[in-house]
Structure formats: structure tokens, C-alpha cells
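If you want the building blocks of each chain, they are given just below.
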Amino acid sequence: QVQLVESGGGLVQAGGSLRLSCAASGRTFSTYTMGWFRQAPGKEREFVAGISWNIERTNYADSVKGRFTISRDNAKNTVYLQMNSLKPEDTAVYYCAARSGYGLGYAPVAPTSYDYWGQGTQVTVSS
């Protein structure tokens, strides 16, 4: 069982930066693959970034590649999303998610592949 608590969202001007954090409870955090998703009103939840449990394998949506960076600190049971060069189209509720293992591959991009979800944190980018 994993419980996730997100923080770091807020209002920022276009071109600015934010760093989201997701703190996880549980003693097996290091064995979980972690992902970040976002959802705007009236739209489907979409994959943003993921990081595998056992190796430095990260993957990103094309829309954020080169601007966002996902990382994890297993000693702190925390995953981060550093967001730079923010655009108004990045405005959404951002969620962190977790699943056990996932073999040796990259983090999955389908929301249905994840077992645990945080409550979400709002990110608003003004033009």
C-alpha cells in the first residue's frame, strides 16, 4: 500500500518555473515505478513523465521534453517534477502515481497501469 501527497503547485507567469513534489508513505517506495500525469478541465488525464524503480530510465511526453525533469530521492520517499519554461498550455491539475516494479522497462504511459494516485496539485500558467 502506498499513499501519495503532492505539493508545489501554484500560479506562475509564462516562462517561469515550478518544482512539484510527491511524498510517499510506505517502506517499499524504492521498488515502485513513479509517474506524473496532468488533467485539464474537460480533457483526459495524460502522461507527463515517468521514472522506473530499478534503473535511471526516464521518459517524457513530447510536449514537455526538454523543459521538464523527473527525479526521485528514495531516501526521502519523494519524487519530483522540475518544470521550466512553462507555457499556458501546461495549466492543469498535476497528479503523481505509483505502481509496483514494472519489470525492467520504462514507466508506463497509460493511467490504468498505475495502482496509487495522489490528490493532485493545481498548476496555472498565465500568459
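This report concerns the structure included in the present document. (Residues numbered from 1 in each chain as written. Predicted model: local features only at pLDDT ≥ 70, side-chain atom pairs only at ≥ 80, totals over all residues. Heavy atoms only, no water.)

## Observations concerning the state of the cysteines
By definition, a disulfide is the covalent link that joins the sulfur atoms of two cysteine residues. The line we're drawing: Any two cysteine sulfur atoms lying within 2.5 Å of each other are counted as a disulfide. The secondary structure listing takes helices from DSSP runs of H or I that are at least 4 residues long and strands from runs of E that are at least 2 residues long, numbered from the N terminus.
In the structure shown here, the tally under the stated rule is one disulfide. The disulfide partner of Cys 22 is Cys 96, and the gap between their sulfur atoms is 2.0 Å. Torsion about the S-S bond of the Cys 22 and Cys 96 cystine: about 50°, corresponding to right-handed handedness. Of this pair, Cys 22 sits in strand S3 (residues 18–25) while Cys 96 is found in strand S9 (residues 92–100), placing the two residues 74 residues apart along the sequence.

## Structural notes on the pattern of salt bridges
Which entries qualify depends on this criterion: Between Lys or Arg on one side and Asp or Glu on the other, a salt bridge is scored when a side-chain nitrogen of the former is within 4 Å of a carboxyl oxygen of the latter. Here the term buried applies to any residue with accessible area under 20% of the maximum for its type, exposed to any over 50%, and partly exposed to those in between, with areas from a 1.4 Å probe on protein chains only.
Summed over the entire model, instances satisfying the criterion amount to four salt bridges. Measuring nitrogen to oxygen at the nearest pair gives 3.4 Å for the salt bridge that ties Lys 65 to Asp 62. By relative accessible area, Lys 65 is classed as exposed at 52%. Salt bridges linked by common partners bring Arg 38, Glu 46, Arg 67 and Asp 90 together as one network.

## A closer look at the environment of Pro 88
Short version of the rule: Contacts are assigned to residue pairs with any non-hydrogen atoms lying within 4.5 Å of each other.
Note that Pro 88 resides in the loop between strand S8 (78–83) and S9. On the basis of relative accessible area, Pro 88 is assigned to the partly exposed category, the value being 33%. Through-space distance from the C-alpha of Pro 88 to that of Gly 15 is 9.2 Å; in sequence the pair is 73 residues apart. Other than its neighbours up to four places away in sequence, Pro 88 contacts Ala 14, Val 125 and Ser 127.

## Notes on the nonpolar core
What tends to happen in soluble globular proteins is that the nonpolar side chains get buried as a cluster. Rule in force here: Side-chain atoms within 4.5 Å are what join buried Ala, Val, Leu, Ile, Met, Phe, Trp, Tyr and Cys residues into a set we call a nonpolar core.
Among the nonpolar cores identified, the biggest contains 30 residues, and Leu 4, Trp 36, Leu 81, Met 83 and Tyr 94 are the most heavily contacted of them. Broken down by secondary-structure element, the contributors of at least two residues to this core are S3, strand S4 (32–39), strand S5 (46–51), strand S7 (68–73), S8, S9 and strand S11 (121–126). Sequence-distant contacts of Tyr 94, that is, excluding residues within four places in its chain, are made with Glu 6, Leu 20, Trp 36, Phe 37, Arg 38, Val 48, Phe 68, Leu 81, Met 83, Gly 120, Thr 121 and Val 123. Formed by five residues, the second largest nonpolar core is a distinct cluster that contains Phe 37, Phe 47, Ala 97 and Ala 107.

## So, the packing of aromatic side chains
Worth spelling out the cut-off: Centres within 6.5 Å are what make two rings of Phe, Tyr or Trp a pair, Trp counting through its six-membered ring; a difference in plane orientation under 30 degrees is then read as stacked, over 60 as edge-to-face, and the rest as tilted.
Taken as a whole and judged by the stated rule, the model has five aromatic pairs. Look at Phe 37 and Phe 47: their rings are 5.6 Å apart centre to centre, the planes differ by 75°, and that puts the pair in the edge-to-face class. On the criterion of sequence distance, the pair formed by Phe 37 in strand S4 and Phe 47 in strand S5 is long-range, its members being 10 residues apart. One exposure class covers both Phe 37 and Phe 47, and it is buried.

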